[in-house]
Amino acid sequence: MTATDVVSLEGERGDTASCLSYFQSLGIDAAARILDVGCRHGSFLENLRRQGYANVQGLEIDAAAIAKGEAAYPDLKDRMQVYDGTIFPFAKGSFDVITMFDVIEHIPPVEAYLTELCTLLRPGGRLVFQTPNLLVDAPYWILALRAFNREKLAMIFREHCSLQTYGSLRRLLGRAGFRDVRIERNRSDTEFKKTLVRQSLGWPGLLILQASNHFPMVLYPNFWGHARV
């Protein structure tokens, strides 16, 4: 599946095509039981379903987002559930793979959350994730939103309340019970990112975005990775 074949509804948070390409790179079996946490409208799940992944489910805190997704993707009806963001409606060991794209940074009690999430994976199961780098994300939003006063700064860190650095993310996942943690790159200058940066920072931002593909890992804009239990 190429980027032009990817389906994605307006209002999805994050880059569906990049999430899909990273997932594809991991060679996950089509029979895997997959849970996408923070599935929003379900576009990522729908793309997986079209690729032959039959056992896909999603969790989302926004009931309206799920309703919009089910209207657009009828084959996902009853595969996405609303939850309260804390209590998982599944038994331990229910899944082979759990995906979390642009979710970790939004969870206030993130270590306790990930510790409980870990129990939903079977032994040897895999967490696949993406989360922005604190050292890049915070300055980006400060500039993009012109957040030069206390109120705007507070808003940014309320929304992205659990941003991580490279080192803190590895330690966090280890404390939550994950092992074999891999944190990797996935190309930064995608069409999704270029559109976002062009609108917020103009051509200087685009130059930085392109250069960011060569930044050292500790300064890479987004951390893509996977870990096992």
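Residues numbered from 1 in each chain as written. Predicted model: local features only at pLDDT ≥ 70, side-chain atom pairs only at ≥ 80, totals over all residues. Heavy atoms only, no water.

## Observations concerning the packing of helix α5 (residues 134-144) against helix α8 (residues 191-211)
Part 1: Viewed as axis vectors pointing N to C, α5 and α8 meet at an angle of 55°, and their least axial separation amounts to 9 Å. For the element pair α5 / α8, the angle class is oblique. Both α5 and α8 take part in a crossing whose hand is left-handed. Across the interface between the two elements, Y140, L143 and A144 from α5 touch L196, V197, S200 and L201 from α8. (Axes fitted to C-alpha atoms, helices over the stretch in contact; angles between N-to-C directions. Helix = DSSP H or I, 4+ residues; strand = E, 2+ residues; numbered from the N terminus. Parallel < 35°, antiparallel > 145°, perpendicular 65-115°, else oblique. Left-handed = near helix turned anticlockwise from the far one by under 90°. Contact = heavy atoms within 4.5 Å.)

## Some words on helix α1 (residues 16-25)
Part 1: Those residues of α1 lying buried are T16, S18, C19, L20, Y22 and F23.
Part 2: Those residues of α1 that are buried lie in contact with β1 (34-37), α2 (43-50), β4 (95-101), β5 (121-132), β6 (179-184) and β7 (222-228).
Part 3: Of the residues one or two after α1, G27 is the one with positive phi, at around 65°. (Buried < 20%, exposed > 50% of the residue type's maximum accessible area, 1.4 Å probe, protein only.)

## Some details on a nonpolar patch on the surface
Part 1: On the surface, a nonpolar cluster with roughly 240 Å² of combined accessible area is contributed by L135, V218 and L219.
Part 2: The topology assignment puts V218 in the loop between α8 and β7. (Patch = residues over 30% accessible without salt bridge, like charges linked within 9 Å, V, L, I, M, F, W, Y side chains within 5 Å. Areas by Shrake-Rupley, 256 points an atom, 1.4 Å probe, with all protein chains shown as cover. Salt bridge = Lys/Arg side-chain N within 4 Å of Asp/Glu carboxyl O.)

## Description of the pairing of β5
Part 1: Taken across its twelve residues, β5 has ten buried, putting it largely inside the fold.
Part 2: Of the pairings in the sheet, the one linking β4 to β5 comprises six bridges and is parallel in character. For F95, the partnering residue across the bridge sits in β5 and is L121.
Part 3: Taken together, β4, helix α4 (residues 110-118) and β5 constitute a β-α-β crossover, and its handedness is right-handed.
Part 4: Bridge count between β5 and β7: seven bridges; the pairing is antiparallel. In the sheet register, T131 faces β7, and the bridge partner there is F223. (Pairing = 2+ DSSP bridges. Right-handed = clockwise from strand over helix to strand, strands pointing away.)

## Here's the deal with the packing of α4 against helix α7 (residues 166-175)
Part 1: Contact geometry for α4 and α7: axes closest at 8 Å, N-to-C directions at 50°. Classified by the angle between their axes, α4 and α7 sit oblique to one another. As for the relative orientation of α4 and α7, their crossing is right-handed in sense. Between α4 and α7, the residues in contact are V110, E111, L114 and T115 and L172, L173 and R175, respectively.
Part 2: The residue makeup of the contact of α4 with α7, split by class, is four nonpolar, one polar and two charged. (Nonpolar A, V, L, I, M, F, W, Y, C, P; charged D, E, K, R; others polar.)

## Some remarks on the side chain of H41
Part 1: For H41, the position within the fold is in the loop between β1 and α2.
Part 2: Once you skip the residues sitting within four places of it in the chain, H41 turns out to touch L9, E10, G11, E12, A65, K68, G69, Y73 and M80.

## Considering the packing of aromatic side chains
Part 1: The tally for this structure, following the rule as stated, stands at ten aromatic pairs.
Part 2: With 4.9 Å between their ring centres and 85° between their planes, F90 and F95 make a pair best called edge-to-face.
Part 3: For the pair F101 and W224, a centre-to-centre distance of 6.1 Å together with 45° between the ring planes defines the contact as tilted. With a gap of 123 residues between them, F101 in strand β4 and W224 in strand β7 connect regions that are remote in the sequence.
Part 4: In this structure an aromatic cluster arises from ring pairing among Y22, F23, F44, Y53, F101 and W224. (Phe/Tyr/Trp six-rings, centres within 6.5 Å; stacked < 30°, edge-to-face > 60°.)

## Overview of the environment of F129
Part 1: Tracing the backbone through its elements, the reader meets F129 in strand β5.
Part 2: Residue classification places F129 among the buried residues on the basis of a relative accessible area of 0%.
Part 3: Apart from the residues within four sequence positions on either side, F129 is in contact with M100, F101, I104, L169, L173, R182, I183, F223, W224, G225, H226 and A227.

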